[in-house]
Amino acid sequence: MTILLFLIISCIVDIYLDSYIEQGGFIMRYQQLTAKDWNSTARQILDAAYELFSEKGYNKVTTRDIARKADVNLGLITYYFSSKANIGAIVMMNLNDKLYKQAFEVDLPEIGSAEKLYIYTALLWRYIDENLFHFILEYSAACSSSVRISSTFMELSWEVIKEYNLPVTPAENEVYASALKGAELTLVQKRNSQELNITYEDISNLVLSNYYYNIGLSDKTILSVIKTSEKILNTL
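Only a predicted model underlies this, so the values are computations on that prediction, with no experimental measurement involved.

What counts and what doesn't
Residues numbered from 1 in each chain as written. Predicted model: local features only at pLDDT ≥ 70, side-chain atom pairs only at ≥ 80, totals over all residues. Heavy atoms only, no water. Helix = DSSP H or I, 4+ residues; strand = E, 2+ residues; numbered from the N terminus. Buried < 20%, exposed > 50% of the residue type's maximum accessible area, 1.4 Å probe, protein only. Contact = heavy atoms within 4.5 Å. Areas by Shrake-Rupley, 256 points an atom, 1.4 Å probe, with all protein chains shown as cover. Axes fitted to C-alpha atoms, helices over the stretch in contact; angles between N-to-C directions. Parallel < 35°, antiparallel > 145°, perpendicular 65-115°, else oblique. Left-handed = near helix turned anticlockwise from the far one by under 90°. Nonpolar A, V, L, I, M, F, W, Y, C, P; charged D, E, K, R; others polar. Phe/Tyr/Trp six-rings, centres within 6.5 Å; stacked < 30°, edge-to-face > 60°. Lys NZ or Arg CZ within 6 Å of the ring centre and 35° of its normal. Core = buried A, V, L, I, M, F, W, Y, C linked by side-chain atoms within 4.5 Å. Salt bridge = Lys/Arg side-chain N within 4 Å of Asp/Glu carboxyl O.

1. Describing the overall build of the protein chain
Phase 1: Within the protein chain, the regular secondary structure consists of 12 helices and zero strands.
Phase 2: Listing every helix and strand of the protein chain by position from the N terminus yields α-α-α-α-α-α-α-α-α-α-α-α.
Phase 3: Going through the 236 residues of the protein chain one by one, you find that 50% of them count as buried.
Phase 4: Nonlocal contacts in the protein chain, meaning residues at least 24 apart in sequence, comprise 76% of its contacts between residues at least 6 apart.
Phase 5: Of the roughly 11,800 Å² of accessible surface on the protein chain, 50% is carried by carbon and sulfur atoms.

2. Examining the packing of helix α7 (residues 113–131) against helix α12 (residues 219–233)
Phase 1: The interhelical angle for the contact between α7 and α12, taken along N-to-C directions, is 45°, at an axis separation of 9 Å. For the element pair α7 / α12, the angle class is oblique. Seen from above, α7 lies across α12 with right-handed handedness. Contacts between α7 and α12 pair A114, E115, Y118, I119, A122, L123 and R126 from the former with V225, I226, T228, S229, E230, I232 and L233 from the latter.
Phase 2: Taken together, the residues that form the contact of α7 with α12 break down as nine nonpolar, two polar and three charged.

3. Side note on the packing of α7 against helix α11 (residues 200–215)
Phase 1: Relative orientation of the contacting elements α7 and α11 amounts to 150°, with a least axis distance of 9 Å. Taken together, the axis directions place α7 and α11 in an arrangement best described as roughly antiparallel. Like other packed secondary-structure pairs, α7 and α11 cross with a definite hand, here right-handed. Of the residues in α11, those in contact with A114, L117, Y118, T121, A122, W125, R126 and D129 of α7 are Y200, E201, S204, N205, L208, Y211 and Y212.
Phase 2: Residue classes in the contact of α7 with α11 are distributed as nine nonpolar, three polar and three charged.

4. Quick notes on the packing of aromatic side chains
Phase 1: Within this structure, the stated rule accounts for seven aromatic pairs.
Phase 2: Taking the centre distance of 5.9 Å and the plane angle of 55° together, the rings of Y211 and Y212 count as tilted. Neither residue differs from the other here; Y211 and Y212 are each classed as buried.
Phase 3: Site record: aromatic cluster; members linked through ring pairs are F53, Y58 and F135.
Phase 4: The positively charged end of K84 is found above the aromatic ring belonging to Y58, 4.1 Å away from the centroid.
Phase 5: Cation over ring: K181 sits above F153, and NZ or CZ is 5.0 Å from the ring centre.

5. Looking at the nonpolar core
Generally speaking, nonpolar side chains in soluble globular proteins are found buried as a group.
Phase 1: If you look at the biggest cluster of nonpolar residues, it comprises 70 residues, and the most contacted ones within it are I87 and Y212.
Phase 2: Ranked by residue count, the leading element in this core is α7, at 10 residues.
Phase 3: In contact with I87, not counting residues within four places along its chain, are I45, L46, A49, F53, I66, I77 and F81.

6. Notes on the pattern of salt bridges
Phase 1: Tallied over the entire structure, the rule returns five salt bridges.
Phase 2: Measuring nitrogen to oxygen at the nearest pair gives 3.2 Å for the salt bridge that ties R68 to D65. Of this pair, R68 and D65 both sit in helix α4 (residues 63–70), three residues apart, which is roughly one turn of the helix.
Phase 3: Judged by relative accessible area, R68 falls into the exposed class, the value being 56%.
Phase 4: According to the relative accessible area criterion, D65 is buried, its value standing at 18%.
Phase 5: Linking E184 and K181 is a salt bridge whose minimum nitrogen-to-oxygen distance equals 3.1 Å. Of this pair, E184 and K181 both sit in helix α10 (residues 170–192), three residues apart, which is roughly one turn of the helix.
Phase 6: On the basis of relative accessibility, which here comes to 7%, the residue K181 falls in the buried class.

Written out as structure tokens, the structure reads:
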């Protein structure tokens, strides 16, 4: 089962890598979303969207609902974000940032950066599974091609690269991280549609194992990171 899932995720990563190369890479997509300066109005829209998505899920919320909740003109939704899918992607990215930072407050023993990234990611998905299941269920089905990387994840992943002195450039790391998040979203969708009988922690295990392999960690090191991380997670 584990080998089959690893092969599935490797294929997904290859697909996403090809997609990013063909479209000019992750930076191009990211710049499209952040080209405009987000002022208080844009943040107000995102806050309103988060509240509605948390309450109703993704599918039942319209851009008109978001505009009404944010008390802004409907045209401002299009001006800042173009579509509900983009809003959902940014809400998900911001949620990742927020939950990673909340996870930082968990008292952990002295461990390496790879273990910290693994544990924080597992805690993030544990929270989402318990509190935002309907949003993730519907968002992953509707927006499987919308991949956004939280800045906190990128900072944590870069700590891993520096600790192990890996020959990976920031641009290469963005591609690997983007492929990871694309594969993660696809596996979440397959889990939620019951195509795969796996937990969110299984998904974290698979995508991070593949990411660590891509940036250059050895199989022995990856195994050690997972065993140490899972031992700590069982106490949290």
